[in-house]
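Chain by chain, the residues run as shown.
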Amino acid sequence: MPAYTETLPRRPESARCARRMVGLALGVWDLDGVRDAAEIVVSELLANAVQHARRDSVRVTVTRLGDTRVRVAVVDLSRTHPVRRVAGSDDEFGRGLDIVDALSRGRWGVDSMRWGKRVWVDLESEETTGE
């Protein structure tokens, strides 16, 4: 399966690089119909990794799963799984996984690894690819 991957510093500023990489991959694959959702998803996953992971870097991957499907994933060195929270109307944080869940229609998960985890999200474009 075609994929793009990049190791980035575990800093909030890395979200811009992650969005750019995901956007470039989707452009190459002619999957612009899923671009907005994918860029939001990678930003949310990266924000979680920045806040909760260990070590100085994270790995971002976008993989083409089919003609209209992609998987966006962030790998970090924390074995603690993300947990959806119920955010109050005044809370500034706690909505990221709800956003991920809505954009992916519930198609996301966590793969445990001996040294950390991979949080992945499957997205499908409503548009067909160009002929």
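First, a word on scope: everything that follows refers to the structure included in this document. (Residues numbered from 1 in each chain as written. Predicted model: local features only at pLDDT ≥ 70, side-chain atom pairs only at ≥ 80, totals over all residues. Heavy atoms only, no water.)

1. Remarks on the packing of helix 1 (residues 14-28) against helix 2 (residues 35-52)
Here's step 1: The interhelical angle for the contact between helix 1 and helix 2, taken along N-to-C directions, is 150°, at an axis separation of 9 Å. Accordingly, the angle class assigned to the pair helix 1 and helix 2 is roughly antiparallel. As helix 1 packs across helix 2, the resulting crossing turns out to be right-handed. Contacts between helix 1 and helix 2 involve Ser14, Ala15, Ala18, Arg19, Val22, Gly23 and Leu26 on the former and, on the latter, Arg35, Ala38, Glu39, Val42, Ser43 and Leu46.
Here's step 2: Broken down by class, the residue content of the contact of helix 1 with helix 2 amounts to seven nonpolar, three polar and three charged. (Axes fitted to C-alpha atoms, helices over the stretch in contact; angles between N-to-C directions. Helix = DSSP H or I, 4+ residues; strand = E, 2+ residues; numbered from the N terminus. Parallel < 35°, antiparallel > 145°, perpendicular 65-115°, else oblique. Left-handed = near helix turned anticlockwise from the far one by under 90°. Contact = heavy atoms within 4.5 Å. Nonpolar A, V, L, I, M, F, W, Y, C, P; charged D, E, K, R; others polar.)

2. A word on the sheet that holds strand 1 (residues 3-9)
Here's step 1: The strand order across the open sheet formed by five strands is 1-2-3-5-4, and the pairing between neighbours is antiparallel. The outermost strands of the open sheet, each flanked by one partner alone, are strand 1 and strand 4 (108-113). Pairs of neighbouring strands in the sheet enclose a mean axial angle of 20°, with direction left out of account.
Here's step 2: Where strand 2 (residues 57-64) meets strand 3 (residues 69-76), six bridges bridge the pair, whose relative direction is antiparallel. Paired with Val60 across the strands is Val74, a residue of strand 3. (Pairing = 2+ DSSP bridges.)

3. Looking at the pairing of strand 5 (residues 116-124)
Here's step 1: Of all the nine residues making up strand 5, seven are buried; the element is thus mostly covered by neighbouring parts of the structure.
Here's step 2: Both strand 3 and strand 5 contribute to a ladder of eight bridges, which runs antiparallel. Within the sheet, the bridge partner assigned to Val75 lies in strand 5 and is Arg118.
Here's step 3: The sheet contact formed by strand 4 and strand 5 spans six bridges and is antiparallel. Bridging across to strand 5, Gly109 finds its partner in Trp120.
Here's step 4: Counted between consecutive antiparallel strands, the loop separating strand 4 from strand 5 contains two residues. (Buried < 20%, exposed > 50% of the residue type's maximum accessible area, 1.4 Å probe, protein only.)

4. Some details on the nonpolar core
Here's step 1: Ranked by size, the top nonpolar core spans 31 residues in total, and within it Leu26, Val60, Val62, Val70 and Leu123 carry the most contacts.
Here's step 2: Here the element with the most residues in this core is helix 2; it accounts for eight residues.
Here's step 3: If we skip the residues at most four places from it in the chain, Leu123 touches Val34, Ala37, Ala38, Val41, Thr68, Arg69, Val70, Val72, Leu103, Ser104 and Arg107. (Core = buried A, V, L, I, M, F, W, Y, C linked by side-chain atoms within 4.5 Å.)

5. Considering helix 3 (residues 96-104)
Here's step 1: Residues of helix 3 that are buried: Gly96, Leu97, Val100 and Ser104. Down the axis of helix 3, the sector holding all buried residues measures 95°, keeping them to one side.
Here's step 2: Of the residues flanking the end of helix 3, it is Arg105, one or two places downstream, whose phi is positive at about 55°. (Arc of directions from axis to C-beta.)

6. Concerning the environment of Arg35
Here's step 1: If you trace the backbone, Arg35 turns up in helix 2.
Here's step 2: C-alpha separation for the pair Arg35 and Leu123, spaced 88 residues apart in sequence, amounts to 9.5 Å.
Here's step 3: When near neighbours in sequence (up to four residues on either side) are disregarded, Arg35 contacts Gly23 and Leu26.

7. Some details on unusual backbone geometry
Here's step 1: We note that Arg55 has phi near 70°; this positive angle belongs to a residue other than glycine.
Here's step 2: Structurally, the position occupied by Arg55 is in the loop between helix 2 and strand 2.
Here's step 3: Relative accessible area serves as the criterion here: at 57%, Arg55 is assigned to the exposed category.
Here's step 4: Phi at Arg105 takes a positive value of approximately 55°, unusual for a residue other than glycine.
Here's step 5: Among the structural elements, Arg105 can be located in the loop between helix 3 and strand 4.

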